[in-house]
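Each chain, written out:
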Amino acid sequence: MEATPIIGASLMIGSSIFMYIVAFLAVMAIGGYLTYRTSPKRKQRREDKRNSER
C-alpha cells in the first residue's frame, strides 16, 4: 500500500496538466472567436471613414 500516495500524486499532477491544457485551449478559442467577431466591424469602420472623407 506504499505506492498508493505516489500513484495518487502522479494522477493529480497529470490531471492538473490536463486541466491547464484544456484551459489554454478554451482561452485560445474564446480569444480567436472575439478577434474574428470584431475584425469585420473594424474593417467596416475603416471603409466608412474612407467613404466619408471623399
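What counts as what
- Residues numbered from 1 in each chain as written.
- Predicted model: local features only at pLDDT ≥ 70, side-chain atom pairs only at ≥ 80, totals over all residues.
- Heavy atoms only, no water.
- Helix = DSSP H or I, 4+ residues; strand = E, 2+ residues; numbered from the N terminus.
- Buried < 20%, exposed > 50% of the residue type's maximum accessible area, 1.4 Å probe, protein only.
- Areas by Shrake-Rupley, 256 points an atom, 1.4 Å probe, with all protein chains shown as cover.
- Patch = residues over 30% accessible without salt bridge, like charges linked within 9 Å, V, L, I, M, F, W, Y side chains within 5 Å.
- Salt bridge = Lys/Arg side-chain N within 4 Å of Asp/Glu carboxyl O.
- Lys, Arg positive; Asp, Glu negative; His and termini not counted.
- Charge placed at Lys NZ, Arg CZ, Asp CG, Glu CD.

1. Comments concerning the overall build of the protein
Turning to step 1, where the next piece is worked out: In terms of regular secondary structure, the protein is built from one helix and zero strands.
Turning to step 2, where the next piece is worked out: Counting every position in the protein, which comprises 54 residues, the buried fraction comes to 0%.
Turning to step 3, where the next piece is worked out: When the accessible surface of the protein is totalled, it reaches about 5,400 Å², and 69% of it is carbon and sulfur.

2. Overview of a nonpolar patch on the surface
Turning to step 1, where the next piece is worked out: A contiguous nonpolar surface patch, about 530 Å² in accessible area, is contributed by Ile-17, Ile-21, Phe-24, Leu-25 and Met-28.
Turning to step 2, where the next piece is worked out: One can find Met-28 in helix α1 (residues 3–53).

3. Re a positive patch on the surface
Turning to step 1, where the next piece is worked out: Together, Arg-42, Lys-43, Arg-45, Arg-46, Lys-49 and Arg-50 make up a positively charged patch on the protein surface.
Turning to step 2, where the next piece is worked out: Along the chain, Arg-45 turns up in helix α1.

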